[in-house]
Amino acid sequence: MFPIPFGFIGSSSAAIEERCIMKWTTGSDDQIITLWNQQGGTNNYDVDWGDSQTESGITALDKTHEYASPGTYEVKITGKFAGLNMQRGSATDQLALVEFSNWGTSEIDACFKMFYNCENMLYTATDSPDLSNMQGTYKAQFREFFFDCKSITSLDLSGWTLPTATWNSTAYAAFYGLTGCTSLNLSGWDIRNTTNTQNFAVNLGKDGTGCVVNCANMNLGGSTNMAQAFKSAKVTSIDVSNWVLKSSGTVSASSIFNDLTRNDAGDAFNLDLSTWTNTSSLTSAATMFRDGEFDVLNLTNWDTSNVTSWALMWYGCANLTKILGLNGLSCAGQTTNSFNQMFNLCKKLGFNDSDTSNFDNTLWGANTSAITNFSSCFSKVGETTPGTNPPNVSNWDTSSGTNFGSMFAYLKWTTGALDVSGFDVSAATGSGLNSVFQFMENPVGTTIDTSSWQISNNVTSLVSFIRNSNITTLDFSHVGNDFSNITTFSTMAYQSKLERFILNATLAEPGFTSVTGSAFSNFFPASGYATVATGDYDELLLKLDDGGQSNVTLYAGASTYTGGGAVATARGNLITKGWSITDGGIA
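Digging into the nonpolar core
So, point 1. In this structure, Phe-115, Phe-289, Trp-314, Phe-343, Phe-408 and Phe-437 are the most contacted members of the largest nonpolar core, which totals 160 residues.
So, point 2. A total of four residues in this core trace back to one element, the largest contributor, which is helix 2 (residues 534-547).
So, point 3. Excluding residues within four positions of it along the chain, Phe-115 makes contact with Leu-84, Met-86, Leu-97, Phe-100, Trp-103, Met-121, Phe-145, Phe-146, Phe-147 and Cys-149.

Some thoughts on the packing of helix 2 against helix 3 (residues 566-576)
So, point 1. With their axes 9 Å apart at the nearest point, helix 2 and helix 3 run at an angle of 50° to one another. Between helix 2 and helix 3, the angle falls in the class oblique. As helix 2 packs across helix 3, the resulting crossing turns out to be left-handed. Residues Asp-538, Leu-541, Leu-542, Leu-544 and Asp-545 of helix 2 form the contact with helix 3, whose own contacting residues are Ala-566, Val-567, Ala-570, Arg-571, Asn-573 and Leu-574.

Regarding the pattern of salt bridges
So, point 1. Using the criterion set out here, one finds 20 salt bridges in the structure.
So, point 2. Note that Lys-63 and Glu-55 form a salt bridge whose closest N and O atoms lie 2.8 Å from each other.
So, point 3. Using a relative accessible area of 26% as the deciding quantity, one classes Glu-55 as partly exposed.
So, point 4. With a shortest N-O distance of 3.5 Å, Lys-150 and Asp-148 are connected by a salt bridge.
So, point 5. Looking at Asp-148, the relative accessible area reads 13%, which means it is buried.

With respect to helix 3
So, point 1. Listed as buried for helix 3 are Val-567, Ala-570, Arg-571 and Leu-574. One side of helix 3 carries all its buried residues, which in axial view fall inside an arc of 95°. The exposed residues of helix 3 that point more than 90 degrees off its buried face are Ala-566 and Thr-576.
So, point 2. Turning to helix 3, the residues buried within the fold contact helix 2 and strand 23 (580-582).

A few points about unusual backbone geometry
So, point 1. For Asn-217, which is not glycine, the phi dihedral falls at a positive 60°.
So, point 2. With respect to the secondary-structure elements, Asn-217 resides in the loop between strand 13 (211-214) and strand 14 (234-239).
So, point 3. For Gln-228, which is not glycine, the phi torsion reads 60° and is therefore positive.
So, point 4. On the basis of relative accessibility, which here comes to 26%, the residue Gln-228 falls in the partly exposed class.

A word on the sheet that holds strand 15 (residues 261-262)
So, point 1. Taken in spatial order, the five strands of this open sheet run 11-12-13-14-15, and their pairing is parallel. A strand with exactly one partner marks an edge of an open sheet, and here the two such strands are strand 11 (154-156) and strand 15.
So, point 2. Taken together, the four bridges between strand 13 and strand 14 define a ladder with parallel strand orientation. Looking at the pairing, Val-213 lines up with Ile-238 of strand 14.

Cut-off values and rules
- Here the residue numbers are simple positions, counted from 1 along each chain's written sequence.
- For a predicted model such as this one, the threshold for reporting local features is a pLDDT of at least 70, and the threshold for listing and counting side-chain atom pairs is 80 or more; totals across whole chains, interfaces and linings nevertheless cover every residue.
- Side-chain metrics rest on all non-hydrogen atoms present in the structure, leaving aside hydrogens and water.
- Nine residue types can take part in a nonpolar core, namely buried Ala, Val, Leu, Ile, Met, Phe, Trp, Tyr and Cys, and a core is a set of them joined through side-chain atoms within 4.5 Å.
- For the exposure calls, accessible area comes from a 1.4 Å probe over protein chains only, and a residue counts as buried if that area is under 20% of its type's maximum, exposed if over 50%, partly exposed in between.
- Only DSSP runs of H or I covering at least 4 residues are called helices, and only runs of E covering at least 2 are called strands; the numbering of each starts at the N terminus.
- Contact criterion: two residues are considered in contact whenever any of their non-hydrogen atoms come within 4.5 Å of each other.
- As a rule, the C-alpha atoms of each element are fitted with a line to give its axis, helices using only the stretch in contact, and angles between N-to-C directions run from 0 to 180 degrees.
- Comment on the angle field: the value is read as roughly parallel under 35 degrees, roughly antiparallel over 145, roughly perpendicular from 65 to 115, and oblique elsewhere.
- It is the rotation of the near helix from the far one that decides the hand of a crossing: anticlockwise by less than a right angle makes it left-handed, clockwise makes it right-handed.
- Between Lys or Arg on one side and Asp or Glu on the other, a salt bridge is scored when a side-chain nitrogen of the former is within 4 Å of a carboxyl oxygen of the latter.
- For this quantity, the arc is that covered by the directions from the helix axis to the C-beta atoms.
- Strands are treated as partners if at least two bridges between them are detected by DSSP.

Any functional reading would require information that these geometric values do not contain.
Laid out in structure tokens, this is it:
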């Protein structure tokens, strides 16, 4: 049998390297490096500095060594070594650590900020640390463990035996800034007592070609804050299946997958979260998936009844084609009262009634009653690749809504009608109804029913309300409509397909008493787009005359009016009062 080499223990067939081994590179003569250690830990080790110098019996917290000339030196530590804490060191020391290749057999006392800002460090260790008896001051934390280790390309820690009971504090930014990483494996990690995983792997793989992420079967049962965990990561694929969340209390997941992008090859990937458990603890979901580049998102079996914030949740998910399990989501717990830009810029997203990717009447419906801000909620959804159906908002309670601006602007789908007939917009204020349906491409032949919409005198603008849309009928016949404080209707139906503009004929006027200047510029579609029915244009002219305003511009495209009677008289009165009117003349 061969003799066992120095630094190894075990049989000749299964020798174990007992030393902690790392490499340091110095750039000048007489440069000093320091082994910055974990505070509160215990040291009693020998060190081979790699320059023919050795020292024994080191018990001090930190140990310095001077290298006579520049070079790369392999440092080998034997005995009890508490572990590095490079956050305590200078930038020079942090950048001088260029490789960590072996943990050895010493018990580590803490992982707190161990490789902090070691931007040049390669990680080539294939063994794992002994974390069974940690005694350091910060033993409960492994925050910023590999913080900004930009040069690490592969990190497989899946075989580690973790100190689950001891790690009962924060893991904040533990793997933050692994921008060059192409493979991260933390599968099976049980950190159920860790309370904070915020910024856990921000910017993962961002400067490389993309990272294969295997974080399946993780137990995060103690974390109350998972915000921004994978924010701005660039991935080739990502497996975060079978996560266990906190079973009670609250969990913030805001921005957890914000800006999760494709690899440089542009390979498509899906994000399947359907096997997560205890999702009922989730509270904040604002910007949770914002700007993510995944194609399909699976939220089947999620319980979102306690989510308080939904704003910008799917904003900018330009590749997203469907959200499986959308029909099972509930907004019953929302308290921030905002759906602002919730699906804005999801240009390939479809709400398909044939599967589970549309809204359920029971789980939404009355639960939207406190929402005040619906602005741009569905703006540009399906703009480039339309889905089959429009979003099912048929029984949404919008009675608290003050801002509906651009809610359905640029929305596009292929089949069926968008049902907003039950919308209550009576609480809308200011410019809160601007551009609601602007550039919306509803299928030709479908109608948008606004006959029950009551617009109050708190609204001051209806700019671009249905501009460039496929809407053919706009019904403002509700007896409660009061336009008395609206100062501009500019481009309201410009270049749309509007053929019917219905006002309530039984009312003397709905209050066109505040319009001035260019208030009706480009009001109706131009010739070649559509022509509003003569009777509807007649009613508008009568009501504008009753409004009593002077010096206003009205563009009515090719629409014609009835000559030789009250309508012609009303139009003449407007001209006398300084109105500039462009229309198709007498019918």
